[in-house]
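A look at the structure
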Amino acid sequence: MNDRLQDPRGTLIFDGDCGFCTSVVRLLSRHVAPGVDYRPWQREDLDALALTIEQVTREVWWLHPAETRAGGARAFARVLRHGRRPWPIAGRLMELRPIAAPAALVYRWIARNRSRLPGGTPACRL
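Throughout what follows, the structure given in this document is the object of discussion. (Residues numbered from 1 in each chain as written. Predicted model: local features only at pLDDT ≥ 70, side-chain atom pairs only at ≥ 80, totals over all residues. Heavy atoms only, no water.)

Here we come to the overall build of the protein. For the protein, the count of helices and strands is 7 helices and 4 strands. Here the protein holds 126 residues, and the buried ones make up 44% of them. Looking at the protein as shown, the accessible area adds up to about 7300 Å², and 58% of this sits on carbon and sulfur atoms. (Helix = DSSP H or I, 4+ residues; strand = E, 2+ residues; numbered from the N terminus. Buried < 20%, exposed > 50% of the residue type's maximum accessible area, 1.4 Å probe, protein only. Areas by Shrake-Rupley, 256 points an atom, 1.4 Å probe, with all protein chains shown as cover.)

Next comes the structure, spelled out in structure tokens:
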């Protein structure tokens, strides 16, 4: 089994070609959840991770040996849950039913428009 799936810190798979995504990961790794392993999908064996190109180009993915894998807003919530205080509270709130659906809509909007956001480049287009 791939060692990424066994990392007890948890791993966030993201689009390393996207300037916006890379900027967000840099912020997360420095100020929110430094203990998480952040990996661009372009440097990973997607077959070993049981992920497809379609999945990783559409959204970020959370992999953790003790948790179910999650994509998109749920993956982002998992990163927050593994962060410094007060971020775990925000991550738990994002997973609650009344908040999860709007969080997913916001995530999808950001993902679709990431090339237009600060740090975004043409490579960020889906």
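Relative to strand β2 (residues 37-40), strand β1 (residues 11-14) runs parallel, the two being bridged by 4 bridges. Within β2, the residue paired with T11 across the bridge is D37. A crossover links β1 with its parallel partner β2, the connecting element being helix α2 (residues 19-32), and its sense is right-handed. (Pairing = 2+ DSSP bridges. Right-handed = clockwise from strand over helix to strand, strands pointing away.)

Moving on: the environment of P118. Topologically, P118 is positioned in the segment after α7 (97-113). Distance in space between the C-alpha atoms of P118 and F20 is 6.4 Å, their sequence separation being 98 residues.

Membership of the largest hydrophobic core comes to 24 residues, with the highest contact counts inside it found for L12, Y38 and V79. Broken down by secondary-structure element, the contributors of at least two residues to this core are β1, α2, α5 (73-81) and α7. Setting aside chain neighbours within four positions, we find V79 in contact with L12, L28, A33, Y38 and W62. I13, W41, L49 and L51 belong to the second largest nonpolar core, which has 8 residues in total. (Core = buried A, V, L, I, M, F, W, Y, C linked by side-chain atoms within 4.5 Å. Contact = heavy atoms within 4.5 Å.)

This next bit is on the packing of α5 against helix α6 (residues 87-94). Here α5 crosses α6 at 150°, and the two axes come no closer than 7 Å. For the element pair α5 / α6, the angle class is roughly antiparallel. Note that α5 runs across α6; the crossing there is left-handed. Only W87, P88, A90, G91, R92 and M94 of α6 make contact with α5, whose side of the interface consists of A73, F76, A77, L80 and R81. (Axes fitted to C-alpha atoms, helices over the stretch in contact; angles between N-to-C directions. Parallel < 35°, antiparallel > 145°, perpendicular 65-115°, else oblique. Left-handed = near helix turned anticlockwise from the far one by under 90°.)

Taken in spatial order, the 4 strands line up as β2-β1-β3-β4 in an open sheet, and their pairing is mixed. Two strands close off the open sheet at either side, each with one partner strand: β2 and β4 (70-71). Of the pairings in the sheet, the one linking strand β3 (residues 61-63) to β4 comprises 2 bridges and is antiparallel in character. Of the residues in β4, the one forming a bridge with W61 is G71. Contacts from α2 reach β1 and β2, with the element oriented near 160° to β1.

So, on to the pattern of salt bridges. By the definition in use, this model includes 9 salt bridges. Two residues, D37 and R9, come together in a salt bridge whose shortest N-O distance is 3.8 Å. With a gap of 28 residues between them, D37 in strand β2 and R9 in the loop between α1 (3-6) and β1 connect regions that are remote in the sequence. The partner of R114 in a salt bridge is D15, and the shortest N-O contact between them spans 3.2 Å. (Salt bridge = Lys/Arg side-chain N within 4 Å of Asp/Glu carboxyl O.)

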